[in-house]
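Overview (structure and organization)
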Amino acid sequence: MQTTWKGTISFGLVSIPVHLYSATQEHDVPLHQVHAKDGGRVRMKRYCEREEKEVPYAEIAKGYESPDGRTVTLTDEDLADLPLPSKKVIDVLAFVDEGEIDPLMFSKAYYVGVADKGAAKPYALLRDALAESGRIAVTKIALRTRESPAVLRVHDNTLVLQTCIWPDEVRPAAGIAPEGDVTVRPQELKMARSLMDTLSEDFDLAQLHDDYQQALQQVITARLDGVEIPHEEEPGEAPDNVIDLMEALRNSLKQAKGGRDAGAGEPSAEEPAPRKRAPAKKSAPAPGKAAAKAGPKTTVKTTEKGSAKSSAAKRTTTRKPSASRKAS
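Computed from a predicted structure; not experimentally measured.

Rules and cut-offs
Residues numbered from 1 in each chain as written. Predicted model: local features only at pLDDT ≥ 70, side-chain atom pairs only at ≥ 80, totals over all residues. Heavy atoms only, no water. Helix = DSSP H or I, 4+ residues; strand = E, 2+ residues; numbered from the N terminus. Buried < 20%, exposed > 50% of the residue type's maximum accessible area, 1.4 Å probe, protein only. Areas by Shrake-Rupley, 256 points an atom, 1.4 Å probe, with all protein chains shown as cover. Core = buried A, V, L, I, M, F, W, Y, C linked by side-chain atoms within 4.5 Å. pLDDT = per-residue confidence, 0-100. Contact = heavy atoms within 4.5 Å. Polar contact = N/O pair within 3.5 Å; in protein donor to acceptor, adjacent residues only side chain to side chain. Salt bridge = Lys/Arg side-chain N within 4 Å of Asp/Glu carboxyl O. Pairing = 2+ DSSP bridges. Axes fitted to C-alpha atoms, helices over the stretch in contact; angles between N-to-C directions. Parallel < 35°, antiparallel > 145°, perpendicular 65-115°, else oblique. Left-handed = near helix turned anticlockwise from the far one by under 90°. Nonpolar A, V, L, I, M, F, W, Y, C, P; charged D, E, K, R; others polar. Patch = residues over 30% accessible without salt bridge, like charges linked within 9 Å, V, L, I, M, F, W, Y side chains within 5 Å.

Looking at the overall build of the protein
The helix and strand tally for the protein stands at 7 helices and 12 strands. Evaluated residue by residue, the protein yields a buried proportion of 18% over its 328 residues. When the accessible area of the protein is evaluated, it comes to approximately 27000 Å², of which 54% is carbon and sulfur surface.

Re the nonpolar core
Judged by nonpolar contacts, the single largest core of 20 residues is most densely connected at Ile 9, Leu 20, Val 112, Ile 141, Leu 152 and Leu 161. Mapped by element, the contributors of at least two residues to this core are strand 1 (3-11), strand 2 (14-22), strand 9 (106-114), helix 2 (120-133), strand 10 (135-143), strand 11 (146-155) and strand 12 (158-164). Core analysis: the second largest hydrophobic core is formed by 6 residues, Val 96, Ile 101, Met 105 and Ile 136 among them.

Overview of the confidence of the model for the protein
Scored by pLDDT, the protein has a mean of 79; 76% of the residues are at 70 or more. Strand 12 holds the highest mean pLDDT among the elements of the protein, 97, whereas helix 7 (residues 297-327) holds the lowest, 42. Across residues 260-276 the pLDDT falls below 50, and counting only partners more than four positions away or on other chains, this stretch makes 17 contacts in the model. When the criterion is pLDDT under 50, residues 280-328 qualifies, and its contacts beyond four places in sequence or with other chains add up to 0 contacts.

Focus: the environment of His 19
In this structure, His 19 sits in strand 2. For the pair His 19 and Val 114, spaced 95 residues apart in sequence, the C-alpha separation works out to 6.1 Å. In this structure His 19 touches Thr 3, Trp 5, Lys 6, Tyr 111, Val 112, Gly 113 and Ala 115, once residues within four positions along its chain are discounted.

Some remarks on the side chain of Thr 139
Within the element layout of this structure, Thr 139 appears in strand 10. According to the relative accessible area criterion, Thr 139 is buried, its value standing at 0%. Among the polar contacts made by the side chain of Thr 139, one reaches the main-chain carbonyl oxygen of Asp 91 at a distance of 2.6 Å.

Description of the pattern of salt bridges
For the structure shown, the criterion picks out 8 salt bridges. A salt bridge links Glu 51 to Lys 53; the shortest N-O distance between them is 3.2 Å. The exposure class assigned to Lys 53 is partly exposed, which follows from its relative accessible area of 44%. Across the salt bridge formed by Glu 247 and Arg 250, the nearest N and O atoms sit 2.9 Å from each other. Highlighted residues: Glu 247 and Arg 250, both in helix 5 (residues 245-256), separated by 3 residues, approximately one helical turn.

Things to note about the sheet that holds strand 9
Here 8 strands make up an open sheet; going across it, the order is 7-1-2-9-12-11-10-8 and the pairing mixed. Since the sheet does not close on itself, it has two edges, and those belong to strand 7 (89-91) and strand 8 (94-97), each with one partner. The sheet shows a mean angle of 40 degrees between the axes of neighbouring strands, taken without regard to direction. Sheet topology note: the strand 9/strand 12 ladder contains 4 bridges and is antiparallel. Within strand 12, the residue paired with Ala 109 across the bridge is Gln 162.

Here's the deal with the packing of helix 3 (residues 186-200) against helix 5
Orientation of helix 3 relative to helix 5, taken along the N-to-C sense of each, is 20 degrees, at an axis distance of 9 Å. If you check the angle between helix 3 and helix 5, you find them roughly parallel. Crossing hand, helix 3 versus helix 5: left-handed. Only Leu 245, Met 246, Leu 249, Arg 250, Ser 252, Leu 253 and Ala 256 of helix 5 make contact with helix 3, whose side of the interface consists of Gln 187, Glu 188, Met 191, Ala 192, Ser 194, Leu 195, Thr 198 and Leu 199. Grouping the constituent residues of the contact of helix 3 with helix 5 by class yields 9 nonpolar, 4 polar and 2 charged.

Considerations on unusual backbone geometry
Negative phi characterises most residues that are not glycine, and trans characterises most peptide bonds. One non-glycine residue, Glu 52, lies in the positive phi region at around 55 degrees. Tracing the backbone shows Glu 52 in the loop between strand 3 (47-48) and strand 4 (53-54). Residue Asp 156 is not a glycine yet carries a positive backbone phi of 50 degrees. Residue position: Asp 156 is located in the loop between strand 11 and strand 12.

Some points on the pairing of strand 5 (residues 62-65)
In terms of strand pairing, strand 5 meets strand 6 (residues 71-74) through 4 bridges, oriented antiparallel. Looking at the pairing, Lys 62 lines up with Leu 74 of strand 6. Here strand 5 folds back onto strand 6 in antiparallel fashion, the turn holding 5 residues, of which Gly 69 has a positive phi close to 95 degrees.

What about a nonpolar patch on the surface?
On the surface, Tyr 64, Val 72 and Leu 74 cluster together to form a nonpolar patch covering roughly 270 Å² of accessible area. You can see Leu 74 is positioned in strand 6. On the basis of relative accessible area, Leu 74 is assigned to the partly exposed category, the value being 32%.

So, in structure tokens, the structure goes:
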């Protein structure tokens, strides 16, 4: 792997000689400019306006034009000799929780490797301290012609330096979000979270691939073979979920579950199932209270009930023979 930068990490009084290596790479189909009329290659030439001729790359320098029209020429030596401490030293400024750095600030990532065997021990010390604390180290670094803030963190047991943009380079988001109060019902929020959970099941980021590059390669292959270029069917109009957001969420949940009914066997998030009420129990009055209220009538009622029960028993006893004769 090609070295991108050589220098030292300064961690208090501890110095770690390191090399940086690009941690990412992009897979693009190589395209170049051609003349649309005949396919001739179009090349960019370095042309000097004053001498009206093409100049070689070795004679190219950087320049700056001031507001009053004056031009300053800066050579590679001028840029290399800038008085910057961060040119060769990654000075650790502080250790913070990762959540304190806005992800909008993150830029390019570099693997950090040791420059010699003597750097292995302090390298491991910084790496393990970061991993154990759950923090990241804030620093600055000068790469090529730009100084940037950066963070040091641990990835796969390896230190990674990730450059950032400056905080004032993050544009404010004022006026982008919908204005005014937008009310989201609890049922809609519950359904949205259920959809989030369903879409997240068995998700593997490593399975993602670049559909654009594949489609572009298919078009190029079709052109080379002289066959018809594959075309994707035009998508239909996007559904208007402003009218019935709940229905759109419900259908999305069904689709995410593979066509299964999202609410099968479960109450709808919009209309929760009514709670079953237990049958009311009749509480019998306390014997003391009943006797106090009834008074002397209690004896009469008991006697009447007793006589009624005995009469019924007599009638039942009298009817039994007739029932048996009838059966016979």
